Amino acid sequence: MADLATFADVIVPIAIPDLLTYRIPREVEKEVQIGQRIIVRVGKRKLYTGVIVRLHGNPPKNYQAKGIEYLLDETPVVTREQLKFWAWLAEYYLCTLGEVMGAALPSSMKLASETRIVPLPSEELDTATLSDNEFLILEALELQKKLQVDEIAEIVGIKTVQPLINSLIKKGFATTEEELRHRYRPKFEETLALEEAFKEDETLTALIDELERRAPRQSDLLLAYLREAPQMDKDVAKVALQKKAGVGATVTKALIDKGVFRLKRREVNRLATFEGDTRQSLELNPSQQRALDDTRKLLQHKDVVLIHGVTGSGKTEVYVKLIEEGIEKGGQVLYLLPEIALTTQLIERLRVYFGDEVGVYHSRFNQQERAEVWLKMLSNKPYKIIIGARSSVFLPFQHLQLVIVDEEHESSFKQFRPAPRYNGRDASVVLALQSKAKVVMGSATPAIETYFNAQEGRYGLVELNERYGGIQMPEILCADIRREMARKTMRAHFTGFLVESMEQVLKNKKQIILFQNRRGYAPLWRCLTCGWVPECERCDVSLTYHKRHHHLNCHYCGYTQQPPLKCKACGSAQLTDVGFGTERIEEDLKEIVPSARVARMDLDTTRSKHAYIELITAFERGEIDILVGTQMVTKGLDFENVALVGVLSADQMLRFPDFRAFERAYQLMTQVAGRAGRKGERGKVIIQTYDPDHWVLRLVIDSSYKKLYEREMIERKGYQYPPHVRLIRLDIRHKKQGVARTSAVQLADELRAELGHRVIGPEAPYVERVNNYYHQQILIKIERQASMQRFREVFAATLDRFYAVRENRSVRVVPDVDPS
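Residues numbered from 1 in each chain as written. Predicted model: local features only at pLDDT ≥ 70, side-chain atom pairs only at ≥ 80, totals over all residues. Heavy atoms only, no water.

Moving on, we come to the sheet that holds strand β23 (residues 560-561). Strand order in the open sheet made by the 3 strands is β21-β22-β23, with antiparallel pairing throughout. Only two strands of the sheet have a single neighbouring strand rather than two, namely β21 (544-546) and β23. Bridging between β21 and strand β22 (residues 551-553) involves 3 bridges; their strand directions are antiparallel. Bridging across to β22, His-546 finds its partner in His-551. (Pairing = 2+ DSSP bridges. Helix = DSSP H or I, 4+ residues; strand = E, 2+ residues; numbered from the N terminus.)

The next thing to look at is the nonpolar core. If you look at the biggest cluster of nonpolar residues, it comprises 159 residues, and the most contacted ones within it are Trp-86, Leu-350, Phe-394, Met-669 and Ile-780. Apart from residues lying up to four places away in sequence, Met-669 is in contact with Val-647, Ala-650, Met-653, Leu-654, Ile-687, Leu-697 and Val-700. Residues Leu-194, Leu-211, Leu-222 and Ala-224 belong to the second largest nonpolar core, which totals 23 residues. (Core = buried A, V, L, I, M, F, W, Y, C linked by side-chain atoms within 4.5 Å. Buried < 20%, exposed > 50% of the residue type's maximum accessible area, 1.4 Å probe, protein only. Contact = heavy atoms within 4.5 Å.)

Before going further, it helps to spend a moment on a negative patch on the surface. Together, Glu-123, Glu-124, Glu-139 and Glu-142 line one region of the surface with negative charge. Mapping Glu-123 onto the fold places it in the loop between β6 (112-119) and α3 (132-144). Taking the relative accessible area as the measure of exposure, Glu-123 reaches 71% and is therefore exposed. (Patch = residues over 30% accessible without salt bridge, like charges linked within 9 Å, V, L, I, M, F, W, Y side chains within 5 Å. Areas by Shrake-Rupley, 256 points an atom, 1.4 Å probe, with all protein chains shown as cover. Salt bridge = Lys/Arg side-chain N within 4 Å of Asp/Glu carboxyl O. Lys, Arg positive; Asp, Glu negative; His and termini not counted. Charge placed at Lys NZ, Arg CZ, Asp CG, Glu CD.)

Another aspect to go through is helix α14 (residues 424-434). With 8 of its 11 residues buried, α14 lies for the most part within the structure. Along α14, the residues that are buried comprise Gly-424, Arg-425, Ala-427, Ser-428, Val-429, Val-430, Leu-431 and Ala-432. At its buried positions, α14 is contacted by α1 (80-92), β11 (304-309), β12 (332-336), β15 (400-406), β16 (438-443) and α15 (448-455). The opening residue of α14, the one whose side-chain oxygen lies 2.9 Å from the backbone nitrogen of Arg-425, is Asn-423. Just downstream of α14 lies Lys-436, where phi reads positive at about 60°. (Polar contact = N/O pair within 3.5 Å; in protein donor to acceptor, adjacent residues only side chain to side chain.)

Here we come to the packing of α1 against α14. Interaxial distance between α1 and α14 falls to 10 Å at its minimum, and their mutual angle equals 140°. The angle between the axes of α1 and α14 places the two elements in the oblique class. Our pair here, α1 against α14, has a crossing hand that is right-handed. In this structure, α1 contributes Glu-81, Lys-84, Phe-85, Trp-88 and Leu-89 to the contact, and α14 contributes Ala-427, Val-430, Leu-431 and Gln-434. Of the residues contributing to the contact of α1 with α14, the split by class is 6 nonpolar, 1 polar and 2 charged. (Axes fitted to C-alpha atoms, helices over the stretch in contact; angles between N-to-C directions. Parallel < 35°, antiparallel > 145°, perpendicular 65-115°, else oblique. Left-handed = near helix turned anticlockwise from the far one by under 90°. Nonpolar A, V, L, I, M, F, W, Y, C, P; charged D, E, K, R; others polar.)

With 8 of 11 residues buried, strand β32 (residues 773-783) lies mostly within the body of the structure. Across 10 bridges, strand β29 (residues 725-734) lies against β32 in antiparallel orientation. Following the sheet pairing, Arg-733 is matched in β32 by His-775. In terms of strand pairing, strand β30 (residues 759-763) meets β32 through 3 bridges, oriented antiparallel. From the neighbouring strand, Glu-763 faces β32, where its bridge partner is Gln-777. As defined by bridge partners, strand β31 (residues 769-770) adjoins β32 across 2 bridges and the pair is classed as antiparallel. The residue bridging Val-770 from the neighbouring strand is Tyr-773, located in β32.

For the rest of this paragraph, the subject is the packing of aromatic side chains. Applying the stated criterion across every chain yields a total of 18 aromatic pairs. When the ring of Tyr-225 is compared with that of Phe-261, the centres are 5.3 Å apart and the planes differ by 65°; the resulting orientation is edge-to-face. With a gap of 36 residues between them, Tyr-225 in helix α7 (residues 216-228) and Phe-261 in strand β10 (residues 261-268) connect regions that are remote in the sequence. Take Tyr-225 and Phe-261: they sit in the same class, and that class is buried. Between Phe-802 and Tyr-803 the ring centres are 5.2 Å apart and the planes differ by 75°, which places this aromatic pair in the edge-to-face class. When its relative accessible area of 0% is taken as the criterion, Phe-802 is described as buried. Here a set of aromatic residues connected by ring pairs shows up, and it is made of Phe-85, Trp-88, Tyr-92, Tyr-93, Phe-394 and Tyr-422. Lying across the ring of Trp-695, Arg-711 places its NZ or CZ 3.9 Å from the centre. (Phe/Tyr/Trp six-rings, centres within 6.5 Å; stacked < 30°, edge-to-face > 60°. Lys NZ or Arg CZ within 6 Å of the ring centre and 35° of its normal.)

As structure tokens, this is what we get:
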């Protein structure tokens, strides 16, 4: 029983392989529970927020257990079901529970440990041993009592103070101290309530008359309050009331001082609430109704159902019906989307039906907002529906009934860094199975692995082959760049065919989406004399030119520099940009169609919190004629007035060195094509290419996903790629190229001794050096029927032997299971 337990096994958010055991102080023995947060000390000084996962009476065998420093929660904030899910993630994705906790729990729910420098009594010490700068730091410490390193640097005006601080500590003049800082704090606002003495009609009328004569501004505030609270029975937010009355804080203070208002304070929700009336459920067309009926039947004996529906077929309406049924049974629904941009449109659509039952969770929320969603999900009135990106799988659901994974094929569901490198789609299936819930996936271009599972009978399969409202699929045409270059009809990076089509669409007051899967102005800055190209100082890649800030940027590590005026190889001053990205397309359009209103949607223009929704809303309202974008514009967005979609460079997608290149190219082009002609007239899609006869382009034109699937399955079986095998990629990293290569060869040889031909490599990846680390990669192919548990045991034992060699201890080995 918990009240008799004397020790607790604890997860701390750091990458250590084992749980840590701590002693439970007697004063909290009866209060501790699994899933509570606690503060524990790791090492001599460092404090961390931990989560209790087990209570018992067994002291650790290899070390003396430290005591728990603080118990943070009265009740658990992590459920037992979540802990079970965390354990699966750590096991399957070859990472630690601490890394899973770091990704799962909002940062504001993990108390921050800050190191401060504290002066020690120095009467008996000889300050003559101190340098001038050390003495300056000591004076600052004795004046302020405790300071952080950056605060010391600012006070004394020295950039690099850490060596000086280390010297002071070594000489006995100072020490370090850990302090905890609460990151999550509830949000409060001040409110105004009318005092009881003025709630009588006669008294109130007399007060208003007096204020109108002597203090009209105060009268305005009082009347504004009465409009907001005609029954005089509620508190009204002070700042909002002042804004409506057009008065400042001094007017409010005067009425508080007169005893008219009482100032109060209340906790408020940081999260947006729905304002408006909800409508009754929508009506489905016959195709949608058949898809819904088929899905219901399959869910009776299948845990997962895939809805393969063409773009614009109305899958969302089918999802709404399934959501209704899920919450009518008293359950909760998780609606997963690959991209934050999609949530902005979908939130409004679902709130029309479900109002404030809909919650939202994604990475654009700040940590305080994420914590509020988390705590709301633990409350007596949790959200019934959560819309979010992949991190939503970590939320504490109480009665999960259904998981919907929309656009399930998207690579955005995969976490690339840091660990756990999980796939939100795959993880959601396990979460649903553990919660006894069902999963519905949807896509017009399913991932090959997902469609394979459906063909093999592991998943149910429902087809939805008609566009909603009887709208025809868009007409897809290829524009031959080679031919137009020969005829000299190209305008900048646009074929004459695309330009003529754009002009006609704009004349008809319709909108255009242009897709270019490369941001920036130009991918290269090149010397015209010798061909030299400036590269990143920290990575083996060329720098991309961004014209707006006149910078060369590295898209791998963020390094930035000014474009050089002279070639570093030959000294020539003839340097120019080469190629084109979304920024250049935006600029070219202003010359080609000067009257058009052009906007750009890529990582550079959507960094701020509300940038997505502002762009999407402006496009929906017709305030933008042409939207230029990267992959963001391909993902499930629904615009009524788009008549033309242009794919500006299909060839770079088709030539990407990856076994999924053709699948991804087909998905991207089909998805962006699906944005055209979703309401009213048939849309048009123009794909610019040097190879209009490429087999993938022909399948895009014919909307023939099944032929793509059949061809890819033959290729992948021959070369042993998923779905025929499981892939695990090991990334070996070190700051020295030779060490990275040598250690990778050693690790591959040890793994090959156990796993044989399944181990391939090592070899350098396409970009070998990133952020001053050299990379080598080992690929492991595991048969689908083979035991993953056996592989995990072999991998763990091999890694232990590898790190037992002293020279390998500075090498990082990063596993990625099911790399995307």
